[in-house]
2 protein chains.
Amino acid sequence: MKTVLAYSGGLDSTVLLYHLVAEGGVVSALSVNYGQRHQRELDSARAIATRLGLPHKTIDLSSLGKLLEGCSLTNPDLPMPQGHYAEPSMKATVVPNRNMLFLALAASWAISLGADTVSYAAHSGDHAIYPDCRETFAQALDNAIRLADWREIRLNRPFVHLDKGAIVERGATLGVPFARTWSCYEGGQFHCGRCGTCIERREAFHRAGVEDPTLYASDSPSIDAMIAKNWRL
Amino acid sequence: MKTVLAYSGGLDSTVLLYHLVAEGGVVSALSVNYGQRHQRELDSARAIATRLGLPHKTIDLSSLGKLLEGCSLTNPDLPMPQGHYAEPSMKATVVPNRNMLFLALAASWAISLGADTVSYAAHSGDHAIYPDCRETFAQALDNAIRLADWREIRLNRPFVHLDKGAIVERGATLGVPFARTWSCYEGGQFHCGRCGTCIERREAFHRAGVEDPTLYASDSPSIDAMIAKNWRL
């Protein structure tokens, strides 16, 4: 398989990067600067891809914020919601049509490289607040990407039936340097430990029974208790 | 209709802009700087949208060139092919997956604005060298964009059954300021008159029987003769 991976530098896509390499794939990794507060993820992406000796490029789409209103991920004047993804406040983290944008960029590079797939780390825990995480959307986009060039390019989503805990398990087997990945939406010096993506990250390590090497700014016992209770550890 | 128009500042999309406004549409116009040599089209887009008092934004995607090789539209070191689109050399003007990229950006803005459609100036003369000008691609992308948000957004292609001559006719009726639009891939001070898009522009005015106000650097009688012969004027 010759593939372009939509690569954020986060937990899921880093495990997918290692997974694709382990499967013998010829992998190029594409990251996107869309003006996200957590630009640290781009540093993680570059560092990890370099460590693996893989081609990695970052596309500057930081002017995307001009088109978005009310998105706390790209507007530093808005508060970043805390708590679990299930909460309505998390809708402020939706970047409209983000998946199509990133995968369209990855498809452009895939066409140029003569790759046969575009890979991304869709998983079974993707959230109901994101319309472009729906299975129907992924299938429709696959159909469109197949027709974007004369040569057929497919979407590759090998983790689509795994939950985030299973992804951590897979990552542990592959020797993924979890501590070098970045998830937190706040983009501070350490993971905040309280935003939706931090809570999800902590939950995933709990579920997998894998030690979480992440340094959280907020190592609140109450969050650990909530996570432990949710997962009945 | 509340719509976001993928707006290049060229002939077709400017006529579509005027058409949508004439039909009573609430129109926002989106241009993309993708590192094209002919950045002059972006000046045309801004000037014409401003003249109409419409919201207009330009997204900077100039780093796209990093993903493309062999594309003369974004690489000034490559020669720009001259002559008719039908010629094989014109493949150097293909920007892989450009339509999906531009329409995905327009859809992002459409979601933010609460618009119901994304419009673009697909027409019956779109060229066989561009895979993403195929009807099957447009239909697949329409299906994907419909699912990109909870609210359905559709692709709107009112010129899809018109040829470029008919678009010029429509533009003449609407009072489109043709001389302010920009087509030429070379992006010089004047339209070169020889590249694929210049020849197509000249042909369209011939076909429509509308006076062409464009200043061509190369007002070659041989090109005029070729166009007249092709269209049996």
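Please refer to the structure placed before this passage.
Everything in this summary refers to the structure shown in the same document.

Calculation notes
Residues numbered from 1 in each chain as written. Chains lettered and ligands numbered in written order. Predicted model: local features only at pLDDT ≥ 70, side-chain atom pairs only at ≥ 80, totals over all residues. Heavy atoms only, no water. Helix = DSSP H or I, 4+ residues; strand = E, 2+ residues; numbered from the N terminus. Buried < 20%, exposed > 50% of the residue type's maximum accessible area, 1.4 Å probe, protein only. Contact = heavy atoms within 4.5 Å. Least-squares fit on C-alpha atoms with pLDDT ≥ 70 in both. Pairing = 2+ DSSP bridges. Right-handed = clockwise from strand over helix to strand, strands pointing away. Buried area = accessible area lost by both parts, 1.4 Å probe. Salt bridge = Lys/Arg side-chain N within 4 Å of Asp/Glu carboxyl O. Polar contact = N/O pair within 3.5 Å; in protein donor to acceptor, adjacent residues only side chain to side chain. Nonpolar A, V, L, I, M, F, W, Y, C, P; charged D, E, K, R; others polar. Axes fitted to C-alpha atoms, helices over the stretch in contact; angles between N-to-C directions. Parallel < 35°, antiparallel > 145°, perpendicular 65-115°, else oblique. Left-handed = near helix turned anticlockwise from the far one by under 90°.

## Quick word on the overall build of chain A
Point 1. Scanning chain A from terminus to terminus reveals seven helices and five strands.
Point 2. Along chain A, helices and strands appear, N-terminal first, in the series β-α-β-α-β-α-β-α-β-α-α-α.
Point 3. Evaluated residue by residue, chain A yields a buried proportion of 57% over its 233 residues.
Point 4. Partitioning the intrachain contacts of chain A with sequence separation of at least 6 by distance along the chain shows that 71% fall at a separation of at least 24.

## Quick word on the relation of the copies chain A and chain B
Point 1. When chain A is brought onto chain B, the operation consists of a screw motion whose angular component is 180° and whose axial shift is 0.0 Å, with 0.0 Å RMSD remaining. The transformation just described matches what one would write down for a two-fold rotation axis.
Point 2. A high fraction, 100%, of the interface residues of chain A reappear at the interface in chain B, so the copies pair face to face through one surface.

## Observations regarding the pairing of strand E3 (residues 56-60) of chain A
All names here are of chain A.
Point 1. As judged from the five bridges shared by strand E2 (residues 26-33) and E3, these two strands associate in the parallel manner. For leucine 30, the partnering residue across the bridge sits in E3 and is lysine 57.
Point 2. Read from E2 through helix H2 (residues 40-51) to E3, the crossover connection turns out right-handed.

## Description of the interface of chain A and chain B
Point 1. Across the contact, 40 residues belong to chain A and 40 residues belong to chain B.
Point 2. The contact between chain A and chain B buries some 3,600 Å² in all, and 65% of this surface belongs to carbon and sulfur atoms.
Point 3. The largest per-residue losses of area from chain A upon contact with chain B belong to Leu67(A), Leu147(A) and Trp150(A), which jointly make up 20% of the total buried on that side.
Point 4. Joining chain A to chain B, the criterion identifies zero salt bridges.
Point 5. Counting across the chain A and chain B interface gives 16 residue pairs in polar contact (both at pLDDT 80 or more).
Point 6. Secondary structure elements with two or more residues in the side of chain A that touches chain B: E3, helix H3 (98-113) and helix H4 (135-146) of chain A.
Point 7. When residues in the side of chain A that touches chain B are grouped by element, the largest group, nine residues, is from H3(A).
Point 8. Its residues assigned to classes, the side of chain A that touches chain B shows 26 nonpolar, seven polar and seven charged.

## Points about the sheet that holds strand E5 (residues 154-156) of chain A
Residue and element names in this part refer to chain A.
Point 1. With parallel pairing, five strands are arranged side by side in an open sheet as E3-E2-E1-E4-E5. Each end of this open sheet is capped by a strand with a single partner; those strands are E3 and E5. For this sheet the average axis-to-axis angle between neighbouring strands, irrespective of direction, equals 30°.
Point 2. Taken strand by strand, H3 contacts strand E1 (2-6), E2, E3, strand E4 (117-119) and E5, and its axis lies near 140° from that of E2.

## Brief notes about the sheet that holds strand E3 (residues 56-60) of chain B
In a beta sheet, neighbouring strands pair by backbone hydrogen bonds and run either parallel or antiparallel.
Residue and element names in this part refer to chain B.
Point 1. Read across the open sheet, the five strands follow the order E3-E2-E1-E4-E5; overall the sheet is parallel. Two strands close off the open sheet at either side, each with one partner strand: E3 and strand E5 (154-156). The average undirected angle you get between the axes of adjacent strands in this sheet is 30°.
Point 2. Each of strand E1 (2-6), strand E2 (26-33), strand E4 (117-119) and E5 touches helix H1 (residues 11-22); the most contacted strand, E1, lies at about 170° to it.
Point 3. Sitting on the sheet, helix H3 (residues 98-113) touches E1, E2, E3, E4 and E5, and the angle it makes with E2 is about 140°.

## Thoughts on the environment of Arg146(B)
All names here are of chain B.
Point 1. With respect to the secondary-structure elements, arginine 146 resides in helix H4 (residues 135-146).
Point 2. You can call arginine 146 partly exposed: its relative accessible area is 28%.
Point 3. Excluding its chain neighbours within four sequence positions, the residues that come into contact with arginine 146 are Arg151, Glu152, Ile153 and Arg154.

## Here's the deal with the packing of H4(A) against H4(B)
Point 1. Taken N-terminus to C-terminus, the directions of H4(A) and H4(B) make an angle of 160°; their axes are 8 Å apart at the nearest point. Regarding the angle of H4(A) to H4(B), the classification is roughly antiparallel. Crossing of H4(A) over H4(B) shows left-handed handedness. Taking contact as the criterion, the partners of Phe137(A), Ala140(A), Leu141(A), Asn143(A) and Ala144(A) in H4(A) are, on H4(B), Phe137(B), Ala140(B), Leu141(B), Asn143(B) and Ala144(B).
Point 2. Here the contact of H4(A) with H4(B) is composed, by residue class, of eight nonpolar, two polar and no charged.

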